[in-house]
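Coordinates in review
The primary structure of each chain is shown beneath.
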Amino acid sequence: MNTTLVVNSKGGSGKTTVTTNLASYFASRDVPTTILDYDPQGSSLAWLQLRGRRGGRVYGANGAHQRGPRIRSIEMHVPADTRQLVIDAPAGASGLLLQEMLSRANCIVIPVAPSPFDIYATANFVKDLLLVGRIRTRSIRLAVVANRVRSTGPVYRPLERFLGSLGLPFLTRISDSEVYVKAAEAGLGVFEMEDAAPEREELTPIVEWITGEPRVVGSAEAKVIGLPQQRWSERARPLLYGTDLNSVTRPG
Ligand SMILES: Nc1ncnc2c1ncn2[C@@H]1O[C@H](COP(=O)(O)OP(=O)(O)OP(=O)(O)O)[C@@H](O)[C@H]1O
Ligand SMILES: [Mg+2]
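Residues numbered from 1 in each chain as written. Chains lettered and ligands numbered in written order. Predicted model: local features only at pLDDT ≥ 70, side-chain atom pairs only at ≥ 80, totals over all residues. Heavy atoms only, no water.

Let's shift gears to the site of ligand 1. For ligand 1, the set of nearby residues contains 18 residues, the closest of which are Lys15, Thr16, Thr17, Arg148 and Ser175. Contact between ligand 1 and Asp39: an oxygen atom at 3.3 Å from a side-chain N or O atom of the residue. With respect to ligand 1, the backbone of Ser175 contributes an N or O atom lying 2.8 Å from a nitrogen atom. For ligand 1, the accessible surface in isolation is 630 Å², of which the surrounding protein chains cover 79%. Looking at the shell around ligand 1, the elements with two or more residues in it are α1 (15–28), β6 (141–149), β7 (170–175) and α7 (178–186). The greatest single-element share of the shell around ligand 1, amounting to 3 residues, is contributed by α1. Split by residue class, the shell around ligand 1 holds 4 nonpolar, 10 polar and 4 charged. (Near = heavy atom within 4 Å. Polar contact = N/O pair within 3.5 Å; in protein donor to acceptor, adjacent residues only side chain to side chain. Areas by Shrake-Rupley, 256 points an atom, 1.4 Å probe, with all protein chains shown as cover. Helix = DSSP H or I, 4+ residues; strand = E, 2+ residues; numbered from the N terminus. Nonpolar A, V, L, I, M, F, W, Y, C, P; charged D, E, K, R; others polar.)

Here you go:
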């Protein structure tokens, strides 16, 4: 089983949107798929209820700390035949909860919204994952995606530079599109909808990165944003430990 954790400490960055679209992609390819929703708001589980029997089957599991430990362990059961598990994290996840989710993950996808505040917070969150979450020691892969992009302005440059200095990929830009809202309302994903070719194209680099299978849809150009694949280096260390991160990512 491959487990993808979709996480960002920032609220409203697109975690549930990415989770549901990834899950419905795998399900539409007949891959046994489960969403494990750690968010007490239960947005992914609500999406599953809307979905009903439409599209490929996605199993739902509830990881939120709402009730007693016994009920929680039953509700978070992931079917044994699951091949792709996608975890929808709550906003503000930290401490033991974050460690619990990390202990399950093979790869981490971090959606980030285009405001300078979100970008600054996300750079710090990535720094925490590397230091406190020790994701490199655990061999967990990490990538960032831009979400709700309206124009190709320079807003992400500081984050791209920060990630580039650490050799972490910035995979794709997901547009601010009504299609994602319609998909959410219908319990579907863009891979299951007509008239959603641009949205499928922009999500494709995420699927390719997770599965390691290139060109999962169409023949159009991949939109992976090329960054030098530097390894952990002396150059990156001051960014991580020192004050350089502030100068690189502070808004304005
Ligand atoms: N690319 C997009 N285009 C248009 N609307 C979007 C897009 N991504 C997210 N949204 C909308 O923005 C809102 C927040 O997105 P979403 O729920 O996916 O974020 P989240 O990170 O899961 O939020 P939370 O932290 O509350 O769990 C939702 O109403 C969603 O439909
Ligand atoms: Mg959410």
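This part is about the packing of α1 against helix α8 (residues 197–211). Contact geometry of α1 with α8 gives a least axis separation of 11 Å together with a crossing angle of 65°. The angle between α1 and α8 falls in the class roughly perpendicular. The chirality of how α1 crosses α8 is right-handed. The residues of α8 that touch α1, namely those facing Asn21, Leu22, Tyr25 and Phe26, are Leu203, Ile206, Val207, Ile210 and Thr211. (Axes fitted to C-alpha atoms, helices over the stretch in contact; angles between N-to-C directions. Parallel < 35°, antiparallel > 145°, perpendicular 65-115°, else oblique. Left-handed = near helix turned anticlockwise from the far one by under 90°. Contact = heavy atoms within 4.5 Å.)

Under the defined criterion, the tally for this structure stands at 5 salt bridges. Across the pair Glu100 and Arg72 runs a salt bridge whose closest N-O atoms are separated by 2.9 Å. Residue Glu100 is found in helix α4 (residues 95–104), and its partner Arg72 is found in helix α3 (residues 69–75); the two are separated by 28 residues along the sequence. The salt bridge involving Glu160 is made with Arg173; its shortest N-O contact spans 3.0 Å. In this pair, Glu160 sits in helix α6 (residues 157–166) while Arg173 sits in strand β7, placing the two residues 13 residues apart along the sequence. Under the relative-accessibility criterion, Glu160 is labelled buried at 11%. Salt bridges sharing partners connect three or more residues here, namely Arg148, Arg150 and Asp176. (Salt bridge = Lys/Arg side-chain N within 4 Å of Asp/Glu carboxyl O. Buried < 20%, exposed > 50% of the residue type's maximum accessible area, 1.4 Å probe, protein only.)

Counting buried positions over the 6 residues of strand β5 (residues 107–112) gives 6, a clear majority of the element. Where burial is concerned, the two faces of β5 agree: the one with Cys107, Val109 and Pro111 and the one with Ile108, Ile110 and Val112 are both buried. Read as a crossover between parallel neighbours, the route from β5 over helix α5 (residues 116–131) to β6 is right-handed. (Right-handed = clockwise from strand over helix to strand, strands pointing away.)

Glancing now at the sheet that holds strand β1 (residues 2–6). Within the open sheet, the 7 strands sit side by side as β3-β2-β4-β1-β5-β6-β7. Their pairing is parallel. In this open sheet, the two strands that pair with only one neighbour each are β3 (58–62) and β7. Taking the axes of each pair of neighbouring strands and ignoring which way they run, one obtains an average angle of 20° across the sheet. Where β1 lies against β5, 3 bridges are found, and the strand directions are parallel. Across the sheet, Val6 pairs through a bridge with Val109, a residue of β5. Across the sheet, α8 lies against β1, β4 (84–88), β5, β6 and β7, angled at about 150° from β7, the strand it touches most. (Pairing = 2+ DSSP bridges.)

Between α1 and helix α2 (residues 43–51), the least distance of the axes is 10 Å, while the angle of their chain directions is 45°. With respect to α2, the axis of α1 lies oblique. You can see that α1 and α2 cross each other, and the crossing is right-handed. Across from Thr16, Thr19, Thr20, Ser24 and Ala27 in α1, the residues of α2 making contact are Ser43, Ser44, Trp47 and Arg51. Taken together, the residues of the contact of α1 with α2 sort by class into 2 nonpolar, 6 polar and 1 charged.

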